[in-house]
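Observations on the model geometry
Listed below, chain by chain, are the residues.
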Amino acid sequence: MSATTSTRRHSVSAFLFEHARLRLALLLTAPLFWLGLVYIVALAALLVTAFWTVDSFTGEVRIEWTLDNIVTVLTASVYQSVTLRTVGIALLVTVIDILLALPIAFFMAKVAGPRLQRALVIAVLTPLWASYLVKAYSWRTVLSPEGLFAWLVEPIGGSSPGYGIPATVITLSYLWLPYVILPIYAGLERVPDSLLDASSDLGAKPWRTVRSVVLPLLYPAVIAGSIFSFSLTLGDYIAVSIVGGANQMLGNLVYTNVGTANNLPLAAAAALIPIAIIMVYLAAVRRTGALDNL
Amino acid sequence: MSAPAISLRGLRKEFGSVTAVDGVDLDIAQGEFFSMLGPSGSGKTTVLRLIAGFEQPTAGTIELFGEDVTSTAPFDRDVNTVFQDYALFPHLSVLENVAYGLRVRGMGKRERAERAREALEGVRLGGYGDRRPSALSGGQRQRVALARATVLRPKVLLLDEPLGALDLKLREQMQVELKQLQRSLGITFIFVTHDQEEALTLSDRVAVFNDGRIEQLGTPAEIYERPQSRFVATFVGTSNVLEGAVAAQLLGVPGTFALRPERITLADAPTGRDRAASGTIAEVVYLGTGRRIIVDLDAGLQLTVLEHTLGRDAASDAALRGTRVVAEWSDRDLVALDAAVPVTP
């Protein structure tokens with residue numbers, strides 16, 4: 001008697017409790033549908049379009065299977081040089097960001113008191129609230145021939161790098177720095193202070209402790225941060241058009257192919273390059289075993 | 001006479017507005033098993049960290065074998081530490097953990113592996129060198145931490161509540177092993193604990209810490225038998241404290257006295273010991289090896305009595321509540337906590 005009432009009272013919960021698969025289905029259907037549509041279908045559409053062609057008279061996409069776009073992207077010298085330049089910029093930005101993020105994150109996680117720590121986390125996050133364009137254009141101002149940068153380095157005989165690849169590297173390093181600091185900071189937070197004490201206690205000088213204890217433990221976090229800065233740089237085309245002078249990156253080629261040239265299939269083929277590169281990068285990272293500890 | 005292993009003079013440490021260590025003077029002899037005992041926040045761990053060099057004192061000096069190391073970095077001090085959380089490096093194998101100190105000193109690969117293996121065998125973990133620390137139990141990690149700290153053959157080993165995370169049986173076993181290890185190495189052990197029983201059973205000498213100061217310093221027997229303050233009397237073991245009007249009424253002397261529960265006997269009628277006080281049994285707690293009896297004295301004091309031998313029938317514990325008894329003790333069992341009053345009332 002009492003069993004029936006209690007069953008009735010919790011009928012929905014009890015029913016779901018007994019049907020684990022249904023519970024899972026209700027939980028995951030909507031997000032899986034979204035994931036499938038946004039990630040898989042969109043990516044597949046891109047992949048497929050790369051093998052189509054454009055009617056040279058009407059300018060419309062024709063479903064006619066061809067490898068021409070892929071061949072063009074792989075062999076045309078403009079694609080080759082832009083790809084090399086983009087990968088070079090992405091690597092440089094990643095290295096600069098890691099070198100800047102490590103000491104900042106270490107200070108935040110291990111040196112600063114709780115109040116300063118909170119203030120620094122907010123300070124690192126705040127630039128993410130500002131518009132990308134505002135930040136890129138402010139760097140354009142800073143790096144202009146009469147800008148802040150020139151004013152700062154002129155007394156020591158320097159001058160502004162002007163608009164070009166160095167300016168692009170500086171701007172992109174600035175833009176992605178928070179994405180590199182945060183995972184490294186989170187990784188450092190998980191390293192107990194006693195490990196640093198223990199290393200020092202066993203006779204290791206500070207630099208030795210950094211090399212033998214801190215960096216090995218931080219490796220997964222550094223890799224996570226580098227994936228952000230590397231892939232974000234690979235896909236960027238706005239910063240370079242604002243501070244990069246006449247230089248182009250892969251994103252610009254995609255953009256012009258979609259817009260001015262009205263050649264969506266070729267744009268799709270060009271967009272496959274960064275995807276291929278990031279996959280190679282992830283495979284290389286996997287081989288080092290850095291992802292095993294994530 | 002050789003210099004003490006550790007010599008602390010006027011040691012102070014402030015964290016912001018909090019004074020963690022408030023003027024500690026201490027000499028620890030070579031080869032001594034020395035315990036720093038106190039409740040959490042009493043400053044004992046901070047003193048240990050100051051000796052290791054992880055913290056810089058606000059004032060005062062630290063000498064190691066007569067050499068001033070107050071501002072020497074931890075990696076240049078000839079002491080090693082066993083941490084409360086063991087602090088084993090998770091990315092290194094057990095053998096690499098033990099060999100770490102030898103590695104940073106530049107010892108060759110083969111030699112350091114050899115010595116690390118010996119150290120692991122010394123703590124009965126010979127076959128565990130290839131494992132990760134995460135694959136070991138708490139007691140095994142504890143022994144790896146010991147091996148890692150002792151493989152460097154330091155002159156002083158600092159132990160920060162090393163047994164705190166272990167269960168009772170393992171803790172008792174590790175206490176025996178620690179004592180044996182200290183004897184075989186012949187080096188100074190400085191052992192921080194909040195467990196008074198651990199401090200009493202292991203140590204040659206004990207310093208009882210309270211509020212950043214050493215409240216009392218002495219052998220375990222001195223600390224237990226002759227506590228010099230109310231804090232020591234009640235923190236180290238249990239004490240009945242007789243003071244004020246109660247002391248005047250029961251002992252005929254004003255002042256503060258400590259009386260250990262196991263020194264008191266209970267009887268139906270006075271048997272002629274030095275002092276007797278009548279009261280009513282309020283509670284009986286069965287302890288296995290004996291029982292603890294709480295007696296409400298007519299004089300207005302609650303007295304804790306420990307009976308080791310079962311003088312009365314154990315089955316009748318509950319029936320004892322409310323029984324009238326006479327509590328008796330000898331004058332020599334009273335410890336004056338008030339220096340102004342002579343020890344014997």
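Residues numbered from 1 in each chain as written. Chains lettered and ligands numbered in written order. Predicted model: local features only at pLDDT ≥ 70, side-chain atom pairs only at ≥ 80, totals over all residues. Heavy atoms only, no water.

Let us now look at the packing of aromatic side chains. In total, this model carries 12 aromatic pairs over all chains according to the counting rule given. With a centroid separation of 6.2 Å and an interplanar angle of 40 degrees, the aromatic rings of Tyr132(A) and Trp176(A) are classed as tilted. Of this pair, Tyr132(A) sits in helix 7 (residues 132-143) while Trp176(A) sits in helix 9 (residues 165-189), placing them 44 residues apart in sequence. Tyr132(A) gets classed as partly exposed once you look at its relative accessible area, which sits at 21%. Residue classification places Trp176(A) among the buried positions, given a relative accessible area of 7%. One aromatic cluster is present, built from ring pairs that chain together Tyr132(A), Trp176(A), Tyr179(A) and Phe228(A). Over the ring of Tyr224(B) we find Arg260(B), and its NZ or CZ is 3.9 Å from the ring centre. (Phe/Tyr/Trp six-rings, centres within 6.5 Å; stacked < 30°, edge-to-face > 60°. Helix = DSSP H or I, 4+ residues; strand = E, 2+ residues; numbered from the N terminus. Buried < 20%, exposed > 50% of the residue type's maximum accessible area, 1.4 Å probe, protein only. Lys NZ or Arg CZ within 6 Å of the ring centre and 35° of its normal.)

What follows concerns helix 10 (residues 193-201) of chain A. Most of helix 10 of chain A sits inside the fold, with eight of its nine residues counted as buried. Residues Ser194(A), Leu195(A), Leu196(A), Asp197(A), Ala198(A), Ser199(A), Ser200(A) and Asp201(A) constitute the buried set of helix 10 of chain A. Residues of helix 10 of chain A that are buried sit in contact with helix 5 (77-111) and helix 11 (206-234) of chain A together with helix 1 (44-52), strand 6 (79-82), helix 2 (94-104) and helix 4 (138-150) of chain B. With its phi angle positive at about 110 degrees, Gly203(A) sits one or two positions after the end of helix 10 of chain A. (Contact = heavy atoms within 4.5 Å.)

For the rest of this paragraph, the subject is the pattern of salt bridges. Tallied over the entire structure, the rule returns 24 salt bridges over all chains. With its nearest N and O atoms 3.1 Å apart, the salt bridge here joins Arg49(B) to Asp197(A). With Arg49(B) in helix 1 and Asp197(A) in helix 10, this residue pair bridges two chains. Taking the relative accessible area as the measure of exposure, Asp197(A) reaches 15% and is therefore buried. For the salt bridge of Arg205(B) with Glu32(B), the shortest nitrogen-to-oxygen distance reads 2.5 Å. Of the two residues, Arg205(B) is situated in strand 9 (residues 205-210) and Glu32(B) in the loop between strand 2 (18-28) and strand 3 (33-37); the sequence distance between them amounts to 173 residues. Judged by relative accessible area, Arg205(B) falls into the partly exposed class, the value being 22%. Looking at Glu32(B), the relative accessible area reads 8%, which means it is buried. (Salt bridge = Lys/Arg side-chain N within 4 Å of Asp/Glu carboxyl O.)

Counting from both sides, the interface comprises 19 residues of chain A and, opposite them, 23 residues of chain B. Of the roughly 1700 Å² buried between chain A and chain B, counting both surfaces, carbon and sulfur atoms make up 60%. A per-residue breakdown of the area chain A buries against chain B is headed by Asp197(A), Asp201(A) and Leu202(A), which together make up 37% of the total. There are nine residue pairs in polar contact (both at pLDDT 80 or more) connecting chain A and chain B. (Buried area = accessible area lost by both parts, 1.4 Å probe. Polar contact = N/O pair within 3.5 Å; in protein donor to acceptor, adjacent residues only side chain to side chain.)

Moving on to empty space enclosed by the protein. Residue and element names in this part refer to chain B. Applying the stated rule across the entire model yields one cavity of 30 Å³ or more. Roughly 40 Å³ of internal volume is contained in the largest cavity. Along its surface, the largest cavity is lined by Leu48, Arg49, Ala52, Phe54, Thr81, Phe83 and Asp160. It is helix 1 that contributes the most residues to the lining of the largest cavity, three residues altogether. Looking at side-chain class alone, the lining of the largest cavity contains four nonpolar, one polar and two charged residues. (1 Å grid on protein atoms, 1.4 Å probe; cavity = no way out; pocket = protein on both sides within 12 Å on 5 of 7 lines; lining within 4 Å. Points joined across faces, edges and corners; volume = space filled by probe spheres on them. Nonpolar A, V, L, I, M, F, W, Y, C, P; charged D, E, K, R; others polar.)

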